[in-house]
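The chain contents come next:
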Amino acid sequence: MKREDVLMEALPYIQQFHGKTIVIKLGGHAMVDPVVLENAIRDAVLLHYVGIRVVLVHGGGPEISEKMKQMGKESVFVGGLRVTDEETLEIAQMVLVGKINKGIVSLIAKCGARGVGLSGSDGNLILAKKMDLQKVEIGGIQKEVDLGHVGEIEWIDPTILNTLLDKDYIPVVSPIAIDKNGGSLNINADIAAGDIAIALNAYKLVNMTDVDGVMDKGRTKVFRKLTVREANDLQKSGAIAEGMIPKVMSVIKAVENGVSYSHIINGNIEHNLILELFTHDGVGTMISMS
């Protein structure tokens, strides 16, 4: 398309989204590739400057796994969720809050906007409880697994996010929650982003990951648009597995609880965020009620 055609196609979407809240979950390769991450942040800042209230929620799974490997510790996952003992929690906090979060805030400043880094404990943003034992099948046998210091969200208080958005800041949230005793819990970033979108009554939730969208069981087709019912059917069929499970669960839950549209896109491709939001065909998977 010619440049002027791209701009004209984007215009009605810019008008539609102006003043609305979009929650963007940053994850996958963007968390370890500075070029990919900076491209994503530049696009988010563009959204901010066309009048969209942008909230960023980031993961950091690959970098946490790499740091654990450097420290001689193996990563263990059950149902797409990381098993988190005391040492793993400390590593997660160090990577998510101390490194990735601050790096994203710095990139926002570099791109000309103002970001504020938060964890779930700031302003009691994310209150959680320890997750119950998880039933999994290991070697054909059903077992219950303790995920350790992994939290299940009980409440999101969006007050601090709305305050920052009203003051023209871009909030950047690390998925470390607080429990009722003041302890820390690791939260799956996909789930945290979905629950934050619900609490903010966001117009859209966008999950930026390493795949092109929701695919069929044979991984030969990307579904551009799905209803919640169709997405649930795909999940029941086994087409959605491993790390995609919490991503799809979170976007379905968001749409079922008032978020108008949810998207899963490949964040590794430059400007995919802009193409998904501002073009008719999009580049990933959009999920809505109908």
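Our structure's up above, just so we're on the same page.
Thresholds, definitions, all that
- Residues numbered from 1 in each chain as written.
- Predicted model: local features only at pLDDT ≥ 70, side-chain atom pairs only at ≥ 80, totals over all residues.
- Heavy atoms only, no water.
- Phe/Tyr/Trp six-rings, centres within 6.5 Å; stacked < 30°, edge-to-face > 60°.
- Helix = DSSP H or I, 4+ residues; strand = E, 2+ residues; numbered from the N terminus.
- Lys NZ or Arg CZ within 6 Å of the ring centre and 35° of its normal.
- Expected span 1.5 Å × (residues − 1).
- Bend = angle between axes of the 7 residues up to and from the residue.
- Buried < 20%, exposed > 50% of the residue type's maximum accessible area, 1.4 Å probe, protein only.
- Contact = heavy atoms within 4.5 Å.
- 1 Å grid on protein atoms, 1.4 Å probe; cavity = no way out; pocket = protein on both sides within 12 Å on 5 of 7 lines; lining within 4 Å.
- Points joined across faces, edges and corners; volume = space filled by probe spheres on them.
- Nonpolar A, V, L, I, M, F, W, Y, C, P; charged D, E, K, R; others polar.
- Pairing = 2+ DSSP bridges.
- Axes fitted to C-alpha atoms, helices over the stretch in contact; angles between N-to-C directions.
- Parallel < 35°, antiparallel > 145°, perpendicular 65-115°, else oblique.
- Left-handed = near helix turned anticlockwise from the far one by under 90°.

A. Structural context of the packing of aromatic side chains. Counted under the stated rule, the structure contains 4 aromatic pairs. Each ring, one from Phe17 and one from Phe278, has its centre 6.1 Å from the other, and the planes form 20°; the classification is stacked. Separated by 261 residues along the polypeptide, Phe17 in helix H1 (residues 3-17) and Phe278 in helix H9 (residues 272-278) bring together distant segments of the chain. Following the ring pairs from residue to residue traces out a cluster consisting of Tyr13, Phe17, Tyr203, Tyr261 and Phe278. Positioned over the ring face of Tyr203 is Lys20, at 5.2 Å from the centre of the ring. Between the NZ or CZ atom of Arg114 and the centre of the ring of Tyr169, over which it lies, the distance is 4.0 Å.

B. View of H1. The end-to-end C-alpha distance of H1 is 21 Å, a good match for the 21 Å that 15 residues give at a rise of 1.5 Å each. If you look at H1, its biggest bend is around 30°, right at Leu11, and the proline Pro12 turns up within four residues after that. Ala10, Tyr13 and Phe17 are the residues of H1 that are buried. Those residues of H1 hidden inside the fold are in contact with strand S13 (204-209) and H9.

C. Structural context of empty space enclosed by the protein. Under the definition given, this model contains 1 cavity of 30 Å³ or more. Taken as a whole, the largest cavity holds about 50 Å³ of empty space. Contributing to the lining of the largest cavity are Val36, Asn39, Ala40, Asp43, Met208, Gly267, Ile269, Glu270, His271, Asn272 and Leu273. Breaking the lining of the largest cavity down by element, the ones donating at least two residues are helix H2 (34-49) and H9. In terms of residues, the lining of the largest cavity owes the most to one element, H2, which gives 4 residues. A class-by-class count of the residues in the lining of the largest cavity yields 5 nonpolar, 4 polar and 2 charged.

D. Seen up close, the sheet that holds S13. With respect to topology, 8 strands assemble into an open sheet ordered S5-S10-S2-S1-S13-S15-S16-S14, the strand pairing being mixed. Strand pairing shows two members of the sheet lacking a second neighbour, strand S5 (115-119) and strand S14 (225-227), which therefore form its edges. Pairs of neighbouring strands in the sheet enclose a mean axial angle of 20°, with direction left out of account. Pairing analysis gives 5 bridges linking S5 to strand S10 (residues 170-174), with the strands arranged parallel. Residue pairing for S10: Leu118 is matched across the bridge by Val173.

E. Inspection of the packing of helix H3 (residues 61-70) against helix H4 (residues 86-110) at higher detail. Following both chains from N to C, one finds H3 and H4 inclined at 125°, their axes separated by 10 Å at the closest point. It follows that H3 is oblique to H4 by the angle criterion. Crossing of H3 against H4: the hand is right-handed. The segment H3 lies against H4, with Glu63, Ile64, Lys67 and Met68 engaging Thr88, Ile91, Ala92, Met94, Val95, Leu96, Lys99 and Ile100. Tallied by class, residues from the contact of H3 with H4 come to 8 nonpolar, 1 polar and 3 charged.

F. Structural view of the pairing of S13. Here S13 lies mainly inside the structure; 6 of its 6 residues are buried. Of the two faces of S13, the one holding Lys204, Val206 and Met208 and the one holding Leu205, Asn207 and Thr209 are both buried throughout. Sheet analysis places strand S1 (residues 21-26) next to S13, joined by 5 bridges and oriented parallel. Looking at S13, one finds that Val23 is bridged to Leu205. As paired strands, S13 and strand S15 (residues 261-266) are joined by 6 bridges and run parallel to one another. Within the sheet, the bridge partner assigned to Val206 lies in S15 and is His263.

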